[in-house]
Each structure stands twice: as C-alpha cells, then as structure tokens.
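Remarks on the overall topology
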Amino acid sequence: MDTVFTHVCLWTLLAFALTWTVFYVTNMKKKVKELADAAAEERRDGAADVIIVGAGVGGSALAYALAKDGRRVHVIERDMREPERMMGEFMQPGGRLMLSKLGLQDCLDGIDAQKATGLAVYKDGKEAIASFPVDNNFPYDPSARSFHNGRFVQRLRQKASSLPNVRLEEGTVRSLIEEKGVIKGVAYKNKAGEETTALAPLTVVCDGCYSNLRRSLNDNNAAVLSYQVGYISKNCRLDDPENLHLIMSKPSSTMLYQISSTDVRCGFELFPDNFPSIAKGEMATFAKNNLAPQVPPKLRKIFLKGLDEGEHIKVVPAKCMSATLSKKKGVIVLGDAFNMRHPSVAAGMMVLLSDILILRGLLQPLSNLGDVTKVSEVIKSFYNIRKPMSATVNILGNAFSQSLIASTDVAKEAMRQGCYDYLCSGGFRTSGMMALLGGMNPRPLSLIYHLCAITLHSIGHLLSPFPYPLRIWHSLRLFGLSLKMLVPHLKAEGVSPILFPANAAAYRRSYMATTAL
Ligand SMILES: Cc1cc2nc3c(=O)[nH]c(=O)nc-3n(C[C@H](O)[C@H](O)[C@H](O)COP(=O)(O)OP(=O)(O)OC[C@H]3O[C@@H](n4cnc5c(N)ncnc54)[C@H](O)[C@@H]3O)c2cc1C
C-alpha cells in the first residue's frame, strides 16, 4: 500500500514538475518574443530615414530609388494584394525612359506587357495612324507599353522590397503625427489590427487619388471632370495590337488597346449629366446602342465581346488637381495625392516617375533628412524644377480631353476636326504632337506652339472656302475657346515657373544626371 502511495505521489510530483516546466518555458518564450518585438519596434521606429504611405506606383518606385541611395525606407501599404484597377495601364515612351533612369525598367518584363508604337485615330469613317517619332534627342526606344496595372504594381513592390533597407509592411495609415508644424511620422493600424506608430525624419504621402492625408497638408482641391467607364474583352486580340485605338465618337471618345496578349481594354468617357446605371444594365445597353455603331467594323466585335459576356464594368472619376506646396514641414506629397490631370493623355505615371527622379536627385546630397530647413528648401526647388514638364503634360491632358468632346457648337466642332486633321496630317505636326503626348518632348513652348498651330489650322478650315461673316464670328469664338483651354491652365500652373529658363535648365540637368539607362 505504502509503495503504491509513494508511486502516486512521485508521479503526481513529476507531472506537476513537467507541467510547470512546459508552462515556464512557453511563458518565457512569449516574454522573450514580446521583448524582441518591442525592441524591434523601437529599432524600427527610430531607424527609418523615410516613411512612405502607400505602395502604389509612386510609393514603390520612390522606396526603391531612395533605398538605392542608402536610405532606410519604411513603406506602409494598406492592401498588399495585386490591385485590379482601370488606371495606369499605359506607360508612355517618356515614362519608360524615367523608369529606366530609376533602374526599374525590368518591372515591365514578365507581366505580358504589350508594345505600343502610337495611336490609330478614327473620326467620321476616316482613320489615320500617328506614331511616336524616332527622335535623336530622345535617348530611348520610342515605344510605349500597355499592361494590367496590378501586375506592374506588384513587380514594383517586389523590386523595392528586394532591397534589404526597404521594409514593406501591410497597414493602414490613419493620420500624420505632427509637432509644431513638423510631421514626425504616422499613426497606423498594422496587419494584426493593432494601432501603432512609426517615426522618421521624412514622411512621404503617396496614397493616391483618394488620399485622405493630403487634406491636412495641401489646400488644393480635386475637380471631377468626367468619368472613365471601362471593361475588358477577354481572349481576343486586336488586328493592330501595337496601336492604341482612339475613336472620336459622340458624345465623347472611345478607346481600345491591348493590355495583355489576350485582353483588350475597352473604355469611354461619360459626363455626370448622362450617366446610365451599371446595375440595371443601362450602361451596357448605352455602349451597345450608342457607341458600338461608331466603332469601326474591324474593332466592333471586340468592343461588343466584353459587353456580351457580361464583363464587370468599372467607373473611375477623371480628376484634375493642380499641385501646391505643403504648409507643413518634414513631409512631401507625391503622385495623385499631389497633382492630377485628365487621363486622356495617359501620363500620370510618367509625371510621377519624373517627379521621383527630380526629388531623388535633390535629396542625394543631404546626409541628414532630419534637417527640416534643408529638406524644405529641397521641396521648394522640387516644386519649381518639375514645373516645365508637369505643367506641359497637365495642360496638354486638359486641352486634349476638351477637344475630344463632341458638340453641336460649330466653333467647338471645328476645333475637334482641326485636332484630328492636325494630329493625323503626318510630317512634323504629327511627330510634334506625338512627341508631346508620348512625353518625349515635354516642353511648354512646344505645347504652346502646337496648340496655336491647331487653333490657326481650325480657323483656316472654318473660313474656307470663303470667309462669310458668320464664319468669321465662329472663328473668333474658336479663338476664344482655345484661349480658354490654355490661359486658365497656364495661370493655375503659374506662368513664370513654367517658362522660367532656370527651371527648364534644372529639369534637364536632373533628367540627365541619373544614368541608370
Ligand atoms: C481612369 C484613369 C486612367 C489612367 N490611366 C493612366 C495611364 O494609362 N497611364 C498613366 O501613366 N497614368 C494613368 N492614370 C494616372 C495614374 O494611374 C496615376 O497617376 C498613378 O497610378 C498614381 O500613382 P500613385 O502612387 O500616386 O497612386 P496609386 O498607384 O493609386 O497608389 C496609392 C497606394 O496607396 C495605398 N493607400 C491609400 N491610402 C492608404 C493608407 N491610408 N494607408 C496605407 N496605404 C494607403 C493604396 O492602397 C495604393 O496602393 C490614369 C488615371 C485615371 C483616373
């Protein structure tokens, strides 16, 4: 009996000891992990030189560029899954040049991107090809690429996070941390759902066109100009996949372009006053009844395919917002959160990459990003140096989109016809316009020259064969219209920074400086 009792006691003691040991070790491990996490958190907060909010096109490209210069970069992105968006699907030749200067050209490889050599333009049964010119002053292959935006963004994210000094974390930034007008970092919710903070000498807000953060930094407002409606026609290929097909349809333009070897993006523009319901199927009916008959027969089958197969129709607002300097220090706003233009020229990514190139060059000499005054000076220079390029593209985007809108007004319609004739006339007019559209020659004076030439061409067309008084009247109105297209945008962008020769020279220098080609 005694021996049994002793055995029971011994086994109980042993079991107790074992349980306690397991409990102790587990608890210790947890504590050690907690301490390590806390230490890592502390290290992380203190160690980053730059925090970037958003790992879209801009955030990812900037993270890569700054990390290549040795900066420790902490990127916070709210959704790491591959985005499915109907924007940023066309990279102009100028944008490809910027990508290569940043060392990111391979992000267009392996995503089934399609080569585009120019535009096929259609109007009233006529068609013409306008190709990107072969220009000796443009030091890169003069062709564009079209692709699924999400695939490109994922490649940029991979490329950035392949660098050891980039930390790409999933989390949603709630607000900026501010002390006496200086941004010190961000407060965010991490993947585990915990509210936490990250601090760094410089914060870059790159959270896209729906940015909430920019409101506390800049006083510019975005205006919705129209809506871009689109869907994908799957498992098909255009007869001429190397051109973006632009149909000058009524009430506004329609587009088709190959975004992978099997997918064609179909899209058109609508205005808030005539907006059919997608849910009720009215949008598909509108496209089939109103636009499809205007789409050339060789493209029509593909235009109708996506609609007939019930592909998801998306709507994205086309916004316009001029850039303004932030009132706060220690922070930079970039990308669509900073500056937007009508997407008709498909150049938002190009402007953004050009901005990154300029900013990177200006930040390179600064060893300490914590020097708020110096960083503020850099931001001011950046704001001016970017102007010649960004303003050219912004004004072009807004003017081009306006001249594509069909109208019953004789003067507006003459401008629209003049635009088609000019773009498709061949020779230096076509090459000049295509160099502007492709970002191969983004110079304000070149833009002003071509806009004036289109206006004169349209007026000439209106007045021929004989300048009747009514025609003269319409010509004067057309002249007024073109001034309206140019002057308010020039004023909004700031005439002197756009045309100031020092800015143009500084832009060219920043453009030439980085040679990752
Ligand atoms: C209809 C349309 C078509 C367009 N087509 C073209 C085109 O063909 N070619 C072209 O060059 N440009 C085009 N553009 C413009 C181009 O898409 C944008 O200029 C570009 O994508 C802007 O990049 P971004 O990095 O500023 O923003 P985005 O690429 O939108 O990235 C923003 C990122 O921030 C993240 N984010 C947002 N809020 C938070 C938060 N609080 N916390 C953490 N992360 C956050 C988002 O998840 C996202 O990943 C088009 C625009 C429109 C509207």
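A few points on the structure. What you see is a predicted model, and the numbers here were worked out from it, not measured in a lab.

**Section: the pattern of salt bridges**
In total, this model carries 21 salt bridges according to the counting rule given. Of the charged contacts in the structure, one is a salt bridge between aspartate 49 and arginine 72, with a shortest N-O distance of 2.9 Å. Of this pair, aspartate 49 sits in the loop between α1 (2-47) and β1 (50-53) while arginine 72 sits in the loop between α2 (57-68) and β2 (73-77), placing them 23 residues apart in sequence. What makes arginine 72 partly exposed here is its relative accessible area of 43%. Through salt bridges with shared partners, a single ionic network connects Lys123, Asp124, Glu413 and Arg416.

**Brief notes about the sheet that holds strand β5 (residues 118-123)**
Ordered in space as β6-β5-β13-β14-β15-β12-β16, the seven strands form an open sheet in which the pairing is mixed. Whereas interior strands pair on both sides, the edge strands pair on one side only; in this sheet they are β6 (126-131) and β16 (314-320). Within the sheet, the average angular offset between the axes of one strand and its neighbour, ignoring direction, is 20°. Here strand β13 (residues 243-247) runs beside strand β14 (residues 254-258); their pairing, made up of three bridges, is antiparallel. Of the residues in β14, the one forming a bridge with histidine 245 is leucine 256.

**Overview of the environment of alanine 284**
Its location among the elements puts alanine 284 in helix α5 (residues 282-291). Alanine 284 sits in the buried class, given a relative accessible area of 17%. Taking the C-alpha atoms as reference points, alanine 284 and aspartate 308, 24 residues apart in sequence, are found 8.4 Å from one another. Filtering out sequence-adjacent residues up to four positions away, alanine 284 remains in contact with Leu307 and Ile313.

**Details of the packing of helix α10 (residues 410-424) against helix α12 (residues 444-463)**
Packing of α10 against α12 brings their axes to within 8 Å, and their N-to-C directions diverge by 115°. Handedness of the crossing formed by α10 with α12: right-handed. Contacts between α10 and α12 involve Val410, Ala414, Met415, Gln417, Gly418, Cys419, Asp421 and Tyr422 from the first element and Tyr449, His450, Ala453, Ile454, Thr455, His457, Ser458, His461 and Leu462 from the second. When grouped by side-chain class, the residues that make up the contact of α10 with α12 number nine nonpolar, seven polar and one charged.

Rules and cut-offs
- Residues numbered from 1 in each chain as written.
- Predicted model: local features only at pLDDT ≥ 70, side-chain atom pairs only at ≥ 80, totals over all residues.
- Heavy atoms only, no water.
- Salt bridge = Lys/Arg side-chain N within 4 Å of Asp/Glu carboxyl O.
- Helix = DSSP H or I, 4+ residues; strand = E, 2+ residues; numbered from the N terminus.
- Buried < 20%, exposed > 50% of the residue type's maximum accessible area, 1.4 Å probe, protein only.
- Pairing = 2+ DSSP bridges.
- Axes fitted to C-alpha atoms, helices over the stretch in contact; angles between N-to-C directions.
- Contact = heavy atoms within 4.5 Å.
- Left-handed = near helix turned anticlockwise from the far one by under 90°.
- Nonpolar A, V, L, I, M, F, W, Y, C, P; charged D, E, K, R; others polar.

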